[in-house]
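Summary of structural features
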Amino acid sequence: MVEERAQRVSRGPAREEILGRVRAALADVSPEDRATPAPTPPPGAHLEGDALLERFVERVEDYKATVRRCAPEDLAATVAEALAPLGEGARAVVPSGLDLAVPGAVSDDALTSYDLDGIEAVVTAARVGIAETGTIVLDHGPDQGRRAISLVPDLHVCIVRTDQVVADVPDAVAGLDPTRAMTWISGPSATSDIELDRVEGVHGPRTLHVVLVG
Amino acid sequence: MSATFVGMPPFPTAARQALADTQLRHNLAHATGTIRAKRAKVVGEVEHWEDLRLAGAAVKARALADLETNLVRLEESLTAQGATVHWARDAAEACEVVARVARSHDVDEVVKVKSMATQEIELNEALQAQGIAAWETDLAELIVQLGDDLPSHILVPAIHRNRAEIREIFRSKMSAAGKPAPDDLTDEPAVLAGAARQHLREKFLRAKVAVSGANFAVAETGTLVVVESEGNGRMCLTLPEVLISVVGIEKVVPTFAELDPLLRLLPRSSTGERMNPYTSMWTGVTPGDGPQEVHVVLVDNGRTRALADEVGRQALRCIRCSACLNVCPVYERTGGHAYGSVYPGPIGAILNPLMRGQGDPQVDSLPYASSLCGACFEVCPVRIDIPEVLVHLRSKVVDAHREDRVPKAEAVAMKGTAWAFTDARRLAAGERLSGLAGRVLTRVGKARLPGGRATAGRLPGPGAAWTGARDLPAPPRESFRAWWRRTDGGRAEGPEQSEQKGGE
């Protein structure tokens, strides 16, 4: 393993030359300037309680996502309601760690990209919700599944617990584990590439349903 | 199907051609106006925006001040997480690394996430030369690629195209690249986006190798970050078996926590959203999830040259939001192609000269492509003082041309002025001459400035370059020194004064 790693680092002439150029370019920078500590950014939005959850709902809906609120005991029914427009026989990928009865559930049993492309929906949990920006962060734990399953199907039902919602970006960054793969989702996929007019629905799921539970 | 910026004329020539294109000017005015309003609205929502800018600038400045440490740390973190790190001194070396990895997997195509670094190194052309097709998957990049066109904006490379033009490109060009556009294609943006979804889906599903850039690379953890909207980025970063990320060495951020100010600044400055639809973060190889072979190519290609410039190095803080393009009065009128680079607008006017040095007439013309109004600095989320760097680069261009065999008209004029101004008699003679010119012009000239002062109209010879875009007021008929002599410093008013209006 150690050998394999050593081999991965290509300590070739390019590396040494680039680092040498960097050193020469910064010859005028004093050691104190080099060791500047990280700045303290200003605080984000301050929100608590109902205001926090209301802001989250308002901001998620602003991206043209649908938000449903429910009590924990109504979760299965609310998720089923979100999937209902797909009709009878529609299937939904459900990650192994999500303990929920979902109609048409398909477990992610080494599904290929082509398999996923043939499945209408996906239901996942989330890691954190950010109220100020209306963002949901997945860190792809067992109740969220690997990245591809929440990407290829066209409808994503994402379950966020009320105790997972934080006020703003700094609160979210502070609580995340950087070694995990992460996807920050703010509404359905969108583009502004044509005349800078925002259009929802390009390559990612074109429909995003958020279920806020608790 | 690959256009390049090679052989572009200097900015004034290219700008003149662009200004004559009324469709282009209409498209740009509409698009930049829209995005300016959106940005202003979401930036206005943030209570501490100015402090946030300071924090963003500080993060990037700190990363650059200790770049060697940060790069070595990034390499260690990436390697520990199972990624392979490559270093590339220039564009050719970077392209070769990508081609080598692609060839080792026997592929004849790769899918691409929109990336400025790969545009800069002209990766698509290099891969094409080796028989590998590089498919752009961002909608705007797709429009540019299918149309055999050049990007004209950092964020929205097809900003110069309107919906009708895009529909035509899709109808005529999609079939040669894969799934054709549907027969009933309209010019509704939603319908056009739908056509792109269908066209690219088969490419995403079958791709073995993807190429991306990165918005940020965290030294502490080895985390790479891609900020996007459409989901094409997620497709490329997730579905293929092999991922190659081409990352400029200035993209490094010291710690994961320091992503905070940047992730608050970038979407609001860039697309005018509180947050962009999708941000992907990955740290090397994630077992069982996404590409299991991950390469990162750290590219210099002129960045260390920019870093060596004490005034100019702040340009490396740029997070490619393109807010400076959208507010620039010059960019809004000329569009991006006139800048002759994948980096257009105010940031391009400093980045290109900083990364490529002086000597090329096209690059040398860029620091002058500005009225120095300062709007770019005001919107820059990482506080790059673009006007300061522009003025600094103008001085470098002048310095670089001091030894030219044929001196520039400006240099000759400055030399002549110095010669006249250093001797009282020469100056007096000059003043008499200009006074005479003033008398003649006031009498024969028809053009008047507001307030009634005569103007010189069009100057002959090299002076025409000055008067082509400016009014040159007719010189006063009497110089200050002559007036002082005649009136004893104003104590004895003479008749000459009454005839003169608005002089001195």
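Residues numbered from 1 in each chain as written. Chains lettered and ligands numbered in written order. Predicted model: local features only at pLDDT ≥ 70, side-chain atom pairs only at ≥ 80, totals over all residues. Heavy atoms only, no water.

A few words now on the interface of chain A and chain B. Taken together, the 78 residues of chain A in the interface contact 98 residues of chain B. In total, chain A and chain B occlude about 7600 Å² of area from one another, counting both sides; carbon and sulfur atoms represent 59% of this. Across the contact surface, chain A and chain B share 13 salt bridges. Between Arg201 of chain B and Asp117 of chain A there is a salt bridge, with its nearest N and O atoms 2.9 Å apart. The tally of links between chain A and chain B comes to 37 residue pairs in polar contact (both at pLDDT 80 or more). Those elements giving two or more residues to the side of chain A that touches chain B turn out to be helix H1 (2-8), helix H2 (13-25), helix H3 (31-34), helix H4 (49-62), helix H6 (113-117), helix H7 (169-175), strand E9 (182-185) and strand E10 (190-191) of chain A. Considering each element in turn, the side of chain A that touches chain B owes the most residues, 10 residues, to H2 of chain A. The residue inventory of the side of chain A that touches chain B, partitioned by class, reads 36 nonpolar, 18 polar and 24 charged. In this structure, E9 of chain A lies alongside strand E9 (residues 278-283) of chain B, joined through four bridges in antiparallel fashion. Bridge pairing links Met182 of chain A to Met281 of chain B in E9 of chain B. (Contact = heavy atoms within 4.5 Å. Buried area = accessible area lost by both parts, 1.4 Å probe. Salt bridge = Lys/Arg side-chain N within 4 Å of Asp/Glu carboxyl O. Polar contact = N/O pair within 3.5 Å; in protein donor to acceptor, adjacent residues only side chain to side chain. Helix = DSSP H or I, 4+ residues; strand = E, 2+ residues; numbered from the N terminus. Nonpolar A, V, L, I, M, F, W, Y, C, P; charged D, E, K, R; others polar. Pairing = 2+ DSSP bridges.)

All names here are of chain B. What the largest pocket holds in volume is close to 1900 Å³. Those elements that place two or more of their residues in the lining of the largest pocket are helix H1 (11-19), helix H15 (329-334), helix H17 (361-365), helix H19 (386-400), helix H20 (409-421) and helix H22 (464-467). Of the residues belonging to the lining of the largest pocket, the class tally is 20 nonpolar, seven polar and eight charged. Roughly 390 Å³ of volume is contained in the second largest pocket. Glu120, Glu122, Gly340, Asn352 and Arg356 are the residues nearest the centre of the second largest pocket, which is lined by 18 residues in total. Put simply, the parts of the chain that give the lining of the second largest pocket at least two residues each are helix H6 (116-120) and helix H16 (345-356). It is H16 that provides the largest number of residues to the lining of the second largest pocket, a total of four residues. Residue composition of the lining of the second largest pocket, by class: seven nonpolar, seven polar and four charged. (1 Å grid on protein atoms, 1.4 Å probe; cavity = no way out; pocket = protein on both sides within 12 Å on 5 of 7 lines; lining within 4 Å. Points joined across faces, edges and corners; volume = space filled by probe spheres on them.)

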